[in-house]
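Topology and contacts: notes
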Amino acid sequence: MGNNYRYVGKQMRRRDAAEIVTGAAQYLDDLKFQNLLHGKVLRSPYAHALVKKIDKSKAEALPGVKAVLTWEDNPNWRGGTPRNLPILDKKVRYVGDAVALVAATTADIAEEALDLIEVQYEVLPAVLDMDSALKPGAPLVHDEFAGNIIPAGTPFFGPNCLTGLAVGDVAKGFAEADVVAEGTFGYENIPNALPPESVGAVAIWEEPGKVTVWSTTQAPYMDKTVLSHVCNRQVEVRSIGNHVGGSFGTKLMCWQVQTYAILLSGATGRPVKVVFSKEEHMAAFTLRIGSRIHAKVGMKKDGTLTSIQGTWYVDSGYYSFMTQAQVAVGLGEIMIMAQCPNWDLKNVVVATNRNASGSTRGFGGQELKCAFIPLLCLAMEKAGLDPFEVLKKNFVKPGGGYLWRDGDWYQYRGIDYSKAMDKGAERFGWKEKWKGWLTPTSVNGTKRTGIGVGVHGNADIGEDAAEAYVQLSPDGTATIFLCVAEHGTGQKSNYARMAAEVLQIAPERISMSPADSLVTPFEFGPVGSRGTYAIASAVINAAENAKNKLFEFAAAKLNTDPQNLETSDGVVFVKGFPEKKVSWKVLGNDRTVLGFGRFDPDHTLCNCMMSFVEGEVDTETGKVTLLRVLLATDVGQIIDPQGLEGQLNGCLGSAGIDSAIFEETILNRSSGHILNANLIDYKWRTFAELPVIEHVVLETPIPTHRFHAVGVGEIATSPGPSAVLMAVSNAVGCWLHDYPVTPQKVLNALRNTNALSNK
Amino acid sequence: MAANRARRASRKTPGTSRVGFTVNGQYFQFSVGTEPHEIAPTDTLSWTLRETLGLTGTKVSCDQGACGCCTVIMDGRAVLSCKVLTVECDGKTITTIEGLKDPKTGALDPLQQSFIDHTAFQCGYCTPGMIMTAKAFLNENPHPTQEEVKEALSGNFCRCISHYQVVKAVMSAAEKEE
C-alpha cells in the first residue's frame, strides 16, 4: 500500500534493541534494592486440607529470619471473583497452595525456614476434575459455592456481563437444519504459555497505607486497582512495571505474588522480594482454563448455521479471578466466528482442587473454539462441505453483529475479511490439497499428510480505556507518559513511532516515562490485541492535543489561525507557506505543552486470523510433524513490519498451535500433583523442529484508526490447535479429538482405522 | 531447588581455598567459604555472575540446565552457567553478554548488531543466552548452514518464537564475517 508516512510501516529498530542485545535491559530480578529481604512460600502437599495447627517458632528463631506469616496474620485480604479467597487461609485447596510466608536476609535462609515450620493438616477429600466436582454431594472447594459452581459474571464488565448466549429460537433453527451434529469436546490439557521469566514482585512500604510495588506485571496500572481491592482498600499502591520476560496474557495479574511481597514488607518494614522458582511458576501460578462443551449444531447444506445449543463447562481450578471475564469474551468471540441466528449456549464455571486458572493468550476464545470447531467439523463432514468455505462464510461481515462481554449487541462496522482468507487459501494451495474429510492429502509409505484450517476473531482490539499524556518541549522534543511495560511485542516503540508521525519529529526525539502509576494516567494494559487501536489511539490523541495547543500558541506569533498550521522537525509553519514559520522555541525556555489523550472502548470492530496447517503423521511411530503453517490476516495498515512478523511467528509458542501436538500440563488426577512442572518434562518446540511459516497480510484501511490499523498480536495462536486436529484426523483417516495428539493417541487411532478397514 | 538445599547444607563449610577466574577480561579471585564476599562451594556460576559480580545480563529461567537462558562462554565453549559450580572455574576465562562489546571502542559485536538489525528478539529474556550460544558456535563453525545453526540453538528456549528471526540474524552475521 502506498502511503506518505515517514515512520509508520517502516523498518525501524526497537528503542530497547541495544539494551536487549547487551544484557542491559532490566527485568524484575535484575533490579537492586538496599536492605532487601527475600520472601519464600511454604506450600501445601495436599490438594485439599484444613490447617489444624501451625508452629512457626523454630522458623522464627532461625538467624536471619525477619517474618513468618500464616493465615492468622492475614488482615482479611481477599482476591477472586467474587472476592472470597483469602490470600492465606486456614484451608488449602490445591497441591502448592500457600500455607505460610517467610522473609529472611537471604533466599537460602528463607527456604531453610520453610522446613522449620510445623504444620498439622486434616486432609479432606478432593475434587480433581469437573466430573467429580459436579457430582451431587461432592466435597466443596469453597463452602460458599454450592455444587462447586462459581457464580457467573464479573462486575468489571457491568451488571449484564455475558454469561451465556440466548438468541433467537433454537428449536426453529434445528428444524431448518439439513444436518445436525452433537457431541462432547474438550480442550483440557492445560497448555502453559510459560514465559521464560518467572513471576515476582518487590514491595516497599513507604509510609503507613502506602506501598510501592515493582513486579513482572504486564499491566502495571491495573495492579493499582486490583491490589487496592485485594488489600481491602487499606493500601494505596504505586505500581511500577519493568521489562517483562514474556507474558502471553499470564502476567495480566500477579496479585498472588505481589500481595505476598506487600504483606512481608509490611511485617518487616523493609523491601521484600518474592520471585517464584520455575517449579512454582508452572505449578503454583495461574494456568489456562479447562474447556469442555456438550453441544449440538444445526447447519444447512450450503454451510449456513441455523442453530447452536449446549453447555460450556469451564474448569477454573481452586478459584477464579479472570475466568468469568474469559467466559464473557469467549462467548462473544464464538459469535464472531459463527454467525448463527439461534443460540442457546449456557456456561458453568467449576471449582476443582487443582491450581487456579488465570488469564492466558486466547482468553476464553481459544479454549471455547478448540472445543467447538471439532463439533463443527462433524456437521461439515455430514454435509460434505469444505471447512475453509464454511469458516469463511460464517465469520462476521459488515451488517452482521455479535453480543459482547457487557451483554450488549454490537453491529459490526469493520471490514470483510473474506479477501484475506481467499488470499491465504490461494497461497497455501488449499483447493489442491483438500481431498475431503478424513482423507489424507498424500500417502508416501509410512508418511501421510493432511491439512486443516481454523479461524479466530476478537473484538478486544478496542476494549477498555487508555489514557496518555504527551508533553512538548521548546527544544523540539516530546515525552510520552504512558503506563505500559514492554513485554515483548515492541509496542512501546510503536507508540513513540505513531506519536512521531503525528508530531513529525524523529522517534529518537521522543522519550517515554517509566510505567509508573504515580506519574502516568490510567492504562488497562497491553492485553489481547488492544495495543494498536486502544492504547495507540490514546497516545495519538494526546499528541494531537499537544500539537493543537502548540498551534494555538504559535498562531498568535504567525498572525494566523491554528487550523492553518502544520509542524515538521520542530518547526511550525503556515500550510503552503513554509517560509512563514516559527520554531517550537517560540514557547520560550520556561514553558512546556501538555496534551492529554483518551481512548474510550469501542466493541464494534474485530480482527481476524485464519490459520492453514499441513501436518505429517508417521504411521510407524505415531509422531506428528508440523510441516507448514500459513497465517492470513488483514491489519488495515502495517505499523511495524518486523514486530508483526514476530507476533505472527508466535503462533507456535506460548501454548498456541503446539498445544495440539505436544504441549500439556500433566496433572495427577488422584493426588493433585502436577507431574511435569519443569522445562525438561514440559515439552516445547526447539529450533531443530521449525515448520515452514508464511504470512499473508493484507492492508485494507480501517477508517476508525488514525493510521487505519488494527492489532492482531494475540490471535496468532488461537485458530491453530483445532486446525491441527483437523489435519491429523484427515491424515490418519479417523477423528482425533483429544488434545494433544501424542504418538500414542495417533497409534491408537491408526489401529482403530485399520481394524475398521479390515472388516 | 535441590541446588539451594545443597547450598544451605554447606553454609558452615570453612573457607580454605581460593578460586580465581577471568570475566570479560577482568581477573577475580575469591576465597571459598560462606561469607557474603566468598564463593560457596555450591554457588553456581550464574549465581556468582548475577549476585556477586552484578552481571545481570546473564538471565536465569529454569535454573536446571534445560532452557539455555543462562549460557555464557567459558574457554571458548558455550556452557550453561546454572549447571557450572563457580569453584570449578579456577583458571577459566569467561565471557558474558556484557563482555561482547569491543572493550576499547564500545562497538557492538557484529552478532549483536545483526540481532538488532533483524529484530531477532521479542521479550528479550532468552536473547543473551541465544547470542552467547550462537557466538560460541560461530567461533567453531564460521560458515554454517541454516540447519547447523538450528541444531546449535536447539537447547535455547524461547516462547515468543523469535527463532526464525534469530536464524536469519546468525546467518547474516556469519555471511558478513566472510
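Definitions and cut-offs
- Residues numbered from 1 in each chain as written.
- Chains lettered and ligands numbered in written order.
- Predicted model: local features only at pLDDT ≥ 70, side-chain atom pairs only at ≥ 80, totals over all residues.
- Helix = DSSP H or I, 4+ residues; strand = E, 2+ residues; numbered from the N terminus.
- Buried ≥ 20, exposed ≤ 12 C-beta atoms within 10 Å, placed from the backbone.
- Rg over C-alpha atoms; globule rule 2.2 N^0.38 Å.
- Contact = placed C-beta atoms within 7 Å.
- Domains from an automatic or database assignment.
- Nonpolar A, V, L, I, M, F, W, Y, C, P; charged D, E, K, R; others polar.
- Pairing = 2+ DSSP bridges.
- Axes fitted to C-alpha atoms, helices over the stretch in contact; angles between N-to-C directions.
- pLDDT = per-residue confidence, 0-100.
- Parallel < 35°, antiparallel > 145°, perpendicular 65-115°, else oblique.
- Left-handed = near helix turned anticlockwise from the far one by under 90°.
- Core = buried A, V, L, I, M, F, W, Y, C linked by C-beta atoms within 7 Å.
- Expected span 1.5 Å × (residues − 1).

This part covers the overall build of chain B. Secondary structure assignment for chain B yields 6 helices and 5 strands. Helices and strands in chain B line up, N terminus first, as α-β-β-α-β-β-β-α-α-α-α. In terms of principal-axis extent, the alpha carbons of chain B reach across some 50 × 35 × 25 Å. For chain B, buried positions account for 52% of its 178 residues.

Looking only at helices and strands, one finds 18 helices and 33 strands in chain A. By the compact-globule yardstick of 27 Å for 759 residues, chain A fits well, its C-alpha radius of gyration being 27 Å. Dimensions of chain A along its principal axes, counting C-alpha atoms only, are 90 × 70 × 50 Å. Here chain A, with 759 residues, has 60% of them falling under the buried criterion. Of all intrachain contacts in chain A linking residues separated by at least 6 positions in sequence, the fraction that spans at least 24 positions is 81%.

Moving on, we come to the domain arrangement of chain B. All names here are of chain B. Annotation of chain B at the domain level lists domain 1 (2-97) and domain 2 (110-177). Here the C-alpha centre of domain 2 lies 25 Å away from the C-alpha centre of domain 1. Contributing elements (two or more residues each) for the side of domain 1 that touches domain 2: strand S3 (71-74) and strand S4 (77-80). Among the elements that line the side of domain 1 that touches domain 2, the one with the most residues is S3, at 3 residues. Taken together, the residues of the side of domain 1 that touches domain 2 sort by class into 7 nonpolar, 6 polar and 2 charged.

Residue and element names in this part refer to chain A. Taken together, the 8 strands give an open sheet; going across it, the order is S3-S7-S1-S15-S12-S13-S14-S26, and neighbouring strands pair in mixed fashion. On the outer flanks of this sheet lie strand S3 (65-69) and strand S26 (515-516), each paired with one strand and no other. Sitting on the sheet, helix H3 (residues 107-116) is in contact with strand S1 (37-43), S3 and strand S7 (98-104), with an inclination near 25° to S1. Sheet strands in contact with helix H6 (residues 220-230) are strand S13 (210-215), strand S14 (236-241) and S26, and its direction is about 155° off that of S14.

The next thing to look at is the sheet that holds strand S24 (residues 478-481) of chain A. Residue and element names in this part refer to chain A. Pairing is mixed across the open sheet formed by 4 strands, whose spatial order is S25-S24-S23-S30. Across the chains shown, the open sheet's two edge strands, defined by having one partner strand only, are strand S25 (510-512) and strand S30 (593-599). Neighbour-to-neighbour, the strand axes of the sheet open up by a mean angle of 20°, direction not taken into account. In the sheet, S24 pairs with S25 via 3 bridges, with the strands oriented parallel.

All names here are of chain A. Examined at the domain level, chain A breaks down into domain 1 (17-26 + 464-599), domain 2 (31-124 + 199-275) and domain 3 (386-461 + 605-758). Each of domain 1 and domain 3 has a C-alpha centre, and the two are 38 Å apart. Each partner contributes residues to the interface: domain 1 has 14 residues there, and domain 3 has 18 residues. Contributing elements (two or more residues each) for the side of domain 1 that touches domain 3: helix H14 (491-503) and helix H15 (531-558). Looking at the side of domain 1 that touches domain 3 element by element, the count peaks at 6 residues for H15. Counted by class, the side of domain 1 that touches domain 3 contains 4 nonpolar, 8 polar and 2 charged residues.

Residues and elements named next belong to chain B. Model confidence for chain B is summarised by a mean pLDDT of 92, while 90% of its residues fall at 70 or above. Here residues 1-15 is modelled with pLDDT under 50, and outside its nearest four sequence neighbours on either side it reaches 26 contacts, counting other chains as well. The ipTM, which scores confidence in the relative placement of chains, is 0.97 for this predicted complex, and the corresponding pTM is 0.96.

On to the packing of helix H9 (residues 323-337) of chain A against helix H10 (residues 365-383) of chain A. Residue and element names in this part refer to chain A. For the pair H9 and H10, the least separation of the axes is 8 Å and the interaxial angle reads 50°. As summarised for this structure, H9 and H10 are arranged oblique, according to the angle between their axes. Taken as a pair, H9 and H10 cross one another with a handedness that is right-handed. Residue-level contacts link Val 329, Gly 330, Glu 333, Ile 334 and Met 337 of H9 to Gly 365, Glu 367, Leu 368, Lys 369 and Phe 372 of H10. Partitioning the contact of H9 with H10 into residue classes produces 5 nonpolar, 2 polar and 3 charged.

Residues and elements named next belong to chain A. Here the bond from Thr 81 into Pro 82 is cis, since omega is -5°, no more than 30 degrees from zero. Phi angles above zero are rare outside glycine, and Asn 35 is one such case at about 65°. Topologically, Asn 35 is positioned in the loop between helix H1 (17-22) and S1. Unlike most non-glycine residues, Leu 438 shows phi in positive territory, near 55°. Residue position: Leu 438 is located in the loop between helix H13 (430-433) and strand S21 (442-444). With 17 C-beta atoms counted inside 10 Å, the residue Leu 438 sits in the partly exposed group.

This paragraph deals with the interface of chain A and chain B. Between chain A and chain B, the residue contacts involve 48 residues of the former and 45 residues of the latter. Contributing elements (two or more residues each) for the side of chain A that touches chain B: H1, H3, helix H8 (278-283) and helix H16 (641-649) of chain A. The leading source of residues in the side of chain A that touches chain B is H1 of chain A, at 5 residues. A per-class count over the side of chain A that touches chain B returns 21 nonpolar, 18 polar and 9 charged.

This part takes up the pairing of S30 of chain A. Residues and elements named next belong to chain A. Only one face of S30 is covered, namely the one carrying Val 593, Gly 595, Gly 597 and Phe 599; the face carrying Leu 594, Phe 596 and Arg 598 has none of its residues buried. Pairing geometry for strand S23 (residues 466-472) and S30, over 7 bridges, is antiparallel. Residue pairing for S30: Gln 471 is matched across the bridge by Leu 594.

As for its position among the elements, Leu 747 of chain A is in helix H18 (residues 743-758). Separated by 125 residues in sequence, Leu 747 of chain A and Gly 622 of chain A have C-alpha atoms that sit 5.1 Å apart.

Quick look at the packing of H14 of chain A against H15 of chain A now. Residues and elements named next belong to chain A. Relative to each other, H14 and H15 sit at 35°, their axes nearing to 9 Å. Regarding H14 and H15, the two cross each other, and that crossing is right-handed. Residue-level contacts link Gln 491, Asn 494, Tyr 495, Met 498, Ala 499, Val 502 and Leu 503 of H14 to Gly 531, Ile 535, Ala 536, Val 539, Ile 540, Ala 543, Glu 544 and Lys 547 of H15. Classifying every residue of the contact of H14 with H15 by side-chain character gives 10 nonpolar, 3 polar and 2 charged.

Moving on to the environment of Gln 491 of chain A. Residues and elements named next belong to chain A. Examined against the element boundaries, Gln 491 turns out to sit in helix H14. The spatial distance from the C-alpha of Gln 491 to the C-alpha of Ile 150 is 36 Å, given a sequence separation of 341 residues. Excluding residues within four positions of it along the chain, Gln 491 makes contact with Val 484, Pro 526 and Gly 531.

Before going further, it helps to spend a moment on the nonpolar core. Residue and element names in this part refer to chain A. In this structure, Val 102, Ala 261, Ile 480, Ala 499, Val 539 and Val 728 are the most contacted members of the largest nonpolar core, which totals 313 residues. Looking at this core, the element that brings in the most residues is H15, giving 13 residues. Leaving out residues up to four positions away in the same chain, Val 728 has contacts with Gly 450, Gly 615, Val 617, Val 624, Leu 736, Val 741 and Val 746.

Residues and elements named next belong to chain A. The end-to-end C-alpha distance of helix H17 (residues 720-732) is 18 Å, a good match for the 18 Å that 13 residues give at a rise of 1.5 Å each. Of all 13 residues making up H17, 13 are buried, and the element is well covered by its neighbours. Phi turns positive, to about 100°, at Gly 733, one or two residues after H17.

This part is about helix H4 (residues 127-140) of chain B. Given a rise of 1.5 Å per residue, 14 residues ought to cover 20 Å, and the 20 Å separating the end C-alpha atoms of H4 of chain B matches this to within 8%. The element H4 of chain B is largely enclosed, with a buried count of 11 among its 14 residues. Those residues of H4 of chain B that fall on the buried side of the exposure criterion are Thr 127, Pro 128, Gly 129, Met 130, Ile 131, Met 132, Thr 133, Ala 134, Lys 135, Ala 136 and Phe 137 of chain B. As for H4 of chain B, its buried residues are in contact with H1 of chain A together with S3, S4, helix H3 (110-117), helix H5 (146-152) and helix H6 (163-177) of chain B.

Residues and elements named next belong to chain A. In this structure, Asn 148 sits in the loop between helix H4 (130-134) and strand S9 (149-150). Exposure remark for Asn 148: the 23 C-beta atoms within 10 Å place this residue in the buried category. Sequence spacing of Asn 148 and Ser 132 is 16 residues, and the spatial spacing of their C-alpha atoms is 9.8 Å. For Asn 148, the contacting residues outside a window of four places in its chain are Val 127, Ala 133, Leu 134, Ala 138, Leu 140, Val 141, Val 350 and Ala 351.

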